[in-house]
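# Working through the structure, step by step
Below are the chains, spelled out letter by letter.
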Amino acid sequence: EKHLLQKCKRLTMIAESLGTMKLAWCALSAVTPHVFFDTTGCAFTFFVARLLAGCKVGAYVHYPTISTDMLSLVWKRRPTYNNDA
């Protein structure tokens, strides 16, 4: 599925988030823990763990997937390495 991200210049954050949800479901359907503890910052996996797998969710998020500084660059339409405005 990485090839899909290479072709798509827009909506990559959505594609990556859907990919993390799919990966979380594959892992949680193989082995379902009582507590799902995330340290990656991929918050979209919380939905899969809590609602679909029925786990309690805990997290340590040092650097979130989408941060307010990223959003401010998008709103200002300022191009950067991951945003072509």
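Just above sits the structure.
Here the structure is a predicted model, which is why all the values come from computation and not from measurement.

Thresholds applied
- Residue numbers here run from 1 along each chain, matching the order of that chain's written sequence.
- At least 70 in pLDDT is required for a residue's local features to be given in this predicted model, at least 80 for side-chain atom pairs to be given and counted, and no such filter applies to totals for whole chains, interfaces and linings, which use all residues.
- Working from all heavy atoms in the structure, the side-chain values ignore hydrogens and water.
- Patch construction takes residues with relative accessible area above 30% that form no salt bridge. Like charges are linked within 9 Å, and nonpolar side chains (Val, Leu, Ile, Met, Phe, Trp, Tyr) are linked within 5 Å.
- Here the Shrake-Rupley method, with its probe set to 1.4 Å, supplies the accessible areas, and only the displayed protein chains count as covering residues.
- Criterion for a salt bridge: a side-chain nitrogen of Lys or Arg within 4 Å of a carboxyl oxygen of Asp or Glu.
- Starting at the N terminus, helices and strands are each numbered in turn, a helix being any DSSP run of H or I of at least four residues and a strand any DSSP run of E of at least two.
- Accessibility here uses a 1.4 Å probe with only protein chains present; expressed as a share of the type maximum, an area under 20% marks a residue as buried, one over 50% as exposed, and anything in between as partly exposed.
- Here a polar contact is recorded for every N or O atom pair within 3.5 Å, except that within protein the pair must consist of a potential hydrogen donor and a potential acceptor, and residues adjacent in sequence are included only if both atoms are side-chain atoms.
- Strand pairing is assigned whenever DSSP identifies at least 2 bridges connecting the two strands.
- Whether a crossover is right-handed depends on one test, that the path from the first strand over the helix to the second runs clockwise when the strands point away from the viewer.
- In this description, the arc belongs to the directions extending from the helix axis to the C-beta atoms.
- When checking whether two residues touch, look at their non-hydrogen atoms; a contact exists if any pair is within 4.5 Å.

Residues Trp 25, Phe 47, Leu 51 and Leu 52 make up a contiguous nonpolar surface patch of roughly 430 Å² in combined accessible area. In terms of residue count, helix α3 (residues 44-52) provides more of the nonpolar patch than any other element does, 3 residues in total. Given the relative accessible area of 39%, Trp 25 is considered partly exposed.

As for its placement among the helices and strands, Thr 45 is situated in helix α3. According to the relative accessible area criterion, Thr 45 is buried, its value standing at 6%. A distance of 2.7 Å separates a polar side-chain atom of Thr 45 from the backbone oxygen of Cys 42.

This part is about the pairing of strand β2 (residues 56-59). Here 4 bridges tie strand β1 (residues 35-38) to β2, and the two strands are oriented parallel to one another. By the bridge assignment, Val 35 is partnered in β2 with Lys 56. The parallel pair β1 and β2, bridged by α3, forms a crossover whose chirality is right-handed.

This paragraph deals with α3. Along α3, the residues that are buried comprise Thr 45, Val 48 and Ala 49. Around the axis of α3, the buried residues are gathered within 90 degrees of arc, so they sit on the same side. In the core, the buried residues of α3 are packed alongside α2 (12-30), β1 and β2. Just downstream of α3, Gly 54 is the residue with a positive phi angle, here 80 degrees.

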